Amino acid sequence: MKKKFIKVAAAAMCFAMTASSMAFAAELPRDVEDSSIGGFSKAISELMDAGIVTGDETGLFHPAKNLNRAELCIMIVKAIDPKFADLTGTVTIDVPDSGFTDMKGYGWAKAHINYAANNDIAKGYTDGTFKPGNNVTMAELATFAVRACGYTDSDLTGSWPQNYISKAEELGLFNGLGIVDTEGNLMTASAMQKFAAPKDMAAYLIYNALPAIKKANIEKDQPQGTDKDTTSNIPNFGSFTFASGSFNSDINTYNGIALAKDVTVFVYGDKKDYKRDMTFEDNRSAYRETTVYKYKSVSTPAFYKMSGGKITEMVVPADVGFSGKIYCVINSAQSRVLNYAGESVTGIETITAGREITWFAEKALTEFPAKSEYMTGEIYELYARDGEIRSIAKVGDADIKGKVFKEFTNGMTEVADKNDGLIKVDSDWYSVKDNAAVYVLEDNEYSTGSLSSIRKGDKVRLYDISDDDESSVDIVVVNK
């Protein structure tokens, strides 16, 4: 029998530690003013306000301390500020593991290293290691930052590290760092390969790069496959490969081949017509673009195109899609949306596993909760077959499909206290999983959040949806 996780003593200890670490975050560490880099205090203050860098439990920043590769990954990824689901995954979808063989003792940095590796910001060594504890050289620092600004090896001319150093200089990332020789010239590439970057220089360079990093990592709205998502460009099918395979459960491979982060998925035709010599219409209105996140564990024939060892474009049949349970918040239920067959159905706009996804209801499904019901922090269980929603249920309904679908709170309840992965509601502490989905309800709309979105005094609803050995929180809905 699953038991509610209550840990008051541990929570009190966590709070003491958290309180001490938070105290310095609101003010400039006292050793920052002693930094040799002019203007550093302004840069570090802004990075601390943004949560990109921190001090330690003693209130010090240690500006002269050499930065290691694990610490740099954390700083760079925090500057990118990816969605929580991209960083930690969710209860239902994991993020790809980097596979580095020397990560023992670096669990605290694993999520950020995985993200950096999966997004080609950081690379490992030919022996399969990452060397997370190695000091970062100035050349590596420039490379990580330039990649975070959206540049890849193929975008640059010349060989490493000069190609990345030249681009960093062009972007102004070295401005104000003082890494010049006696004649005022920038440190050479060979010298940068040997120079271990201290924490203050790394912070200053990331501060210089921040506008370009933010610009390069703006989240774009994903197509959803509705009638509004007809494509402006018909794919060049001459460069596509035919296959019959499956998307994996984490939706990052098809037929065992990695999917690019920004893979484009076109919807066209019916599954029965898919074959190697299939002909395609020369009419862009016959195609729609959709999100790959509708295809978890889906087996289907498809045509795909690759670049850089990853699938960048796909064409899939209109009559395939995810089958199974979907746990989500609902932002809207729009009637008269055209499905792939051209039928007028309801489009259910959700956030599912941290992603905005619009699902088509089957034509026979006509009863939906009113907006006054789903804008209360309610989590819904949608049941899909081949991508179509067949039923909608909430906790306590007789027709729920999941073995575990329960709420710990009785509607929206105030957070009495919060410490790291523990939330106190009324007199009980609840353990929140590291990869819990957090949804923020504000101004009558849901958005994705993270554990840091939850504050004492907020009202929350806590849910368990996973069939595991412990009764812990998988989904948190926060009312702001």
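The text that follows walks through the structure, step by step, so that each part is easy to find. Source: prediction; values computed, not measured. (Residues numbered from 1 in each chain as written. Predicted model: local features only at pLDDT ≥ 70, side-chain atom pairs only at ≥ 80, totals over all residues. Heavy atoms only, no water.)

A short note on the packing of aromatic side chains
Inference 1: Overall, the coordinates contain 19 aromatic pairs when judged by the stated rule.
Inference 2: A ring pair is formed by tyrosine 254 and tyrosine 304, whose centres lie 6.3 Å apart and whose planes are at 70 degrees; its orientation type is edge-to-face. A residue pair is termed long-range when its members are at least 10 positions apart, and tyrosine 254 in strand E2 (residues 253–254) and tyrosine 304 in strand E5 (residues 299–307) qualify at 50 residues.
Inference 3: We classify tyrosine 254 as buried; its relative accessible area is 0%.
Inference 4: Using a relative accessible area of 9% as the deciding quantity, one classes tyrosine 304 as buried.
Inference 5: Put simply, the rings of Phe237, Phe240, Phe242, Tyr268, Tyr274, Phe280, Tyr287 and Phe303 pair up and form one aromatic cluster. (Phe/Tyr/Trp six-rings, centres within 6.5 Å; stacked < 30°, edge-to-face > 60°. Helix = DSSP H or I, 4+ residues; strand = E, 2+ residues; numbered from the N terminus. Buried < 20%, exposed > 50% of the residue type's maximum accessible area, 1.4 Å probe, protein only.)

A closer look at the nonpolar core
Inference 1: Grouped together as the largest cluster of nonpolar side chains are 61 residues, with contacts concentrated most on Ile76, Met138 and Phe174.
Inference 2: Those residues in contact with isoleucine 76 that lie beyond four places of it in its chain are Ile121, Phe144, Ala145, Ala148 and Ile206. (Core = buried A, V, L, I, M, F, W, Y, C linked by side-chain atoms within 4.5 Å. Contact = heavy atoms within 4.5 Å.)

Focus: the state of the cysteines
Inference 1: Under the definition given, this model contains zero disulfides.
Inference 2: Counting only cysteine sulfurs, cysteine 73 is the nearest neighbor of cysteine 149, a cysteine outside any disulfide, at a range of 15 Å. (Disulfide = S-S within 2.5 Å.)

So, the pattern of salt bridges
Pairing is possible between side chains that carry opposite charge, provided their charged atoms lie close to one another.
Inference 1: Inspection of the entire model under this criterion finds 18 salt bridges.
Inference 2: The shortest N-O distance in the salt bridge between glutamate 362 and arginine 390 comes to 3.4 Å. Here glutamate 362 is found in the loop between strand E9 (355–361) and helix H10 (371–374), whereas its partner arginine 390 is found in strand E11 (residues 388–394), with 28 residues between them in sequence.
Inference 3: Connected through salt bridges with shared partners, the residues Lys123, Arg147 and Asp153 form a single ionic network. (Salt bridge = Lys/Arg side-chain N within 4 Å of Asp/Glu carboxyl O.)

Points about helix H3 (residues 69–80)
Inference 1: Look at H3: 17 Å from first C-alpha to last across 12 residues, which is about the 16 Å you get at 1.5 Å a residue.
Inference 2: Within the span of H3, buried status applies to Arg69, Ala70, Leu72, Cys73, Ile74, Met75, Ile76, Val77, Ala79 and Ile80.
Inference 3: Taken together, the buried residues of H3 touch helix H4 (84–88), helix H5 (110–118), helix H6 (138–148) and helix H9 (199–216).
Inference 4: Once H3 ends, the next one or two residues include aspartate 81, with phi positive near 60 degrees. (Expected span 1.5 Å × (residues − 1).)

Quick notes on the pairing of strand E18 (residues 473–479)
Put simply, side chains in a regular strand alternate between the two faces of the sheet.
Inference 1: Judged by how many residues are buried, E18 sits mostly within the fold: six of seven residues are covered.
Inference 2: Pairing analysis gives five bridges linking strand E17 (residues 459–464) to E18, with the strands arranged antiparallel. Paired with arginine 461 across the strands is valine 477, a residue of E18. (Pairing = 2+ DSSP bridges.)

So, the packing of helix H2 (residues 40–49) against H9
Any two packed helices are characterised by how steeply their axes cross, that is the angle between the axes, and by the distance between the axes.
Inference 1: Running from N to C, H2 and H9 cross one another at 70 degrees; their axes reach a closest spacing of 9 Å. In terms of orientation, H2 lies roughly perpendicular with respect to H9. Contact residues: Phe40, Lys42, Ala43, Ile44, Glu46 and Leu47 in H2; Asp200, Ala203, Tyr204, Tyr207 and Leu210 in H9.
Inference 2: Considering only residue class, the contact of H2 with H9 consists of eight nonpolar, no polar and three charged. (Axes fitted to C-alpha atoms, helices over the stretch in contact; angles between N-to-C directions. Parallel < 35°, antiparallel > 145°, perpendicular 65-115°, else oblique. Nonpolar A, V, L, I, M, F, W, Y, C, P; charged D, E, K, R; others polar.)

Some thoughts on unusual backbone geometry
Trans is the prevailing form of peptide bonds, just as negative phi is the prevailing case for residues other than glycine.
Inference 1: Look at the link from tryptophan 160 to proline 161: it is a cis peptide, with omega at 5 degrees.
Inference 2: As for its placement among the helices and strands, proline 161 is situated in the loop between H6 and helix H7 (162–170).
Inference 3: The phi dihedral of lysine 131 is positive, around 55 degrees, even though this residue is not glycine.
Inference 4: Following the sequence through the fold, lysine 131 ends up in the loop between H5 and H6.
Inference 5: The phi torsion at arginine 336 lies on the positive side, around 60 degrees, for a residue other than glycine.
Inference 6: As for its position among the elements, arginine 336 is in strand E7 (residues 324–338).

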